[in-house]
Amino acid sequence: MKVLNERQSKILESLETKKYVSVNELSDRLKVSVVTIRKDLNLLEQEGYLHRTHGGASKQMRYVFEQTITEKETQNVEEKTRIITKALDFIKENEFIILSSGTTANLLAQKIYGIRNLTVLTPSLRVALEVCKNPSVNTIHLGGEVRKNSTSTIGVLAEETLSNFSCTTLFLGVEGIDLDYGLSSTNVGEAHLNRKMMERVDKTIVLADSSKIHKRGFGFICYVEKIDMLITDAGADPEFVEELEKRGVEVIIC
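This report concerns the structure included in the present document. These numbers come from a predicted model, not from an experiment. (Residues numbered from 1 in each chain as written. Predicted model: local features only at pLDDT ≥ 70, side-chain atom pairs only at ≥ 80, totals over all residues. Heavy atoms only, no water.)

Moving on: the sheet that holds strand β12 (residues 201-207). Read across the sheet, 7 strands follow the order β6-β5-β4-β9-β12-β14-β15 without closing on themselves; strand pairing throughout is parallel. Each having just a single partner strand, β6 (137-141) and β15 (250-253) make up the two edges of the open sheet. Neighbour-to-neighbour, the strand axes of this sheet turn through a mean angle of 20°, independent of strand direction. Taken together, the 4 bridges between strand β14 (residues 229-232) and β15 define a ladder with parallel strand orientation. When the sheet's bridge partners are listed, Thr-232 is paired in β15 with Ile-253. The strands touched by helix α6 (residues 103-111) are β4 (96-99), β9 (167-173) and β12; relative to β4, the strand with the most contacts, the crossing angle is about 140°. Against the sheet, helix α7 (residues 125-132) makes contact with β4, β5 (118-122) and β6, and its axis sits at roughly 160° relative to β6, the strand it touches most. (Pairing = 2+ DSSP bridges. Helix = DSSP H or I, 4+ residues; strand = E, 2+ residues; numbered from the N terminus. Axes fitted to C-alpha atoms, helices over the stretch in contact; angles between N-to-C directions. Contact = heavy atoms within 4.5 Å.)

This is the structure:
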């Protein structure tokens, strides 16, 4: 590996305490141009010290890989709980909503109660079973091939069932949200179904904790401009949030 200069060493020191640093932040702190910082980041990425992201860099790998539901249930629980608590404000009586698969959607399903004449459409077996416990909520499960890792249905049967409905809001969990790549899942079939679900609603609200920001999964869902709102936690990168809002997406930090 190449010997690093003092400035490049300071960049790496910044990443030891923060998950993400922006080009503008580093330029201001180190008193050099953004062009110089970009060159430094590109070199450091080539040497394997960091990963470049839109407008900055991260210590962590930008790509995410599939995990089991059991593994994901233990991750960022406090952040997810705050997110779903806020999401409840956007569920009203007499609505038809879609809950995607995923641990955040499952947490939301556990908290839906006291809302009359609500219909929940979902591909997730776990979400469907949770919602069924609520006597005031109607549950429609999309049939189809069941993915064991997510306990959620995908494929032609699920998409054909979905085509029979029109709903008010989709609450969408994702594996990654990146300004360049967009929203993504680790599974192509799940990503395709998520895209179809977006076509059947008036509004798409993404529920994603800050660990999903600047990350990419294998399956592309859509570009960020296609969503209406992101609900995330206080760990979200401020520059990412600012850029997302510039693109017309409402961001709620909780």
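That covers the picture; the talk isn't over yet.
Here we come to the pairing of β4. Judged from the 3 bridges that link them, β4 and β5 form a sheet pairing that is parallel. Paired with Ile-98 across the strands is Leu-121, a residue of β5. For the segment spanning β4, α6 and β5, crossover handedness is right-handed. Here β4 pairs with β9 via 3 bridges, running parallel. Looking at β9, one finds that Ile-97 is bridged to Thr-169. (Right-handed = clockwise from strand over helix to strand, strands pointing away.)

Moving on to the side chain of Thr-104. Summarising the element assignment, Thr-104 is placed in helix α6. The contacts of Thr-104, once residues within four sequence positions are left out, are Lys-80, Ile-83, Ile-84 and Leu-207.

Attention now moves to the side chain of Thr-169. Looking at where Thr-169 falls in the secondary structure, it is placed in strand β9. Taking the relative accessible area as the measure of exposure, Thr-169 reaches 6% and is therefore buried. (Buried < 20%, exposed > 50% of the residue type's maximum accessible area, 1.4 Å probe, protein only.)

For the pair helix α1 (residues 6-17) and helix α2 (residues 23-30), interaxial distance at closest approach is 11 Å and the crossing angle is 125°. Our classification of the angle between α1 and α2 gives oblique. Judged by the twist between their axes, the crossing of α1 over α2 is right-handed. The segment α1 lies against α2, with Arg-7, Lys-10, Ile-11 and Ser-14 engaging Leu-26, Arg-29 and Leu-30. (Parallel < 35°, antiparallel > 145°, perpendicular 65-115°, else oblique. Left-handed = near helix turned anticlockwise from the far one by under 90°.)

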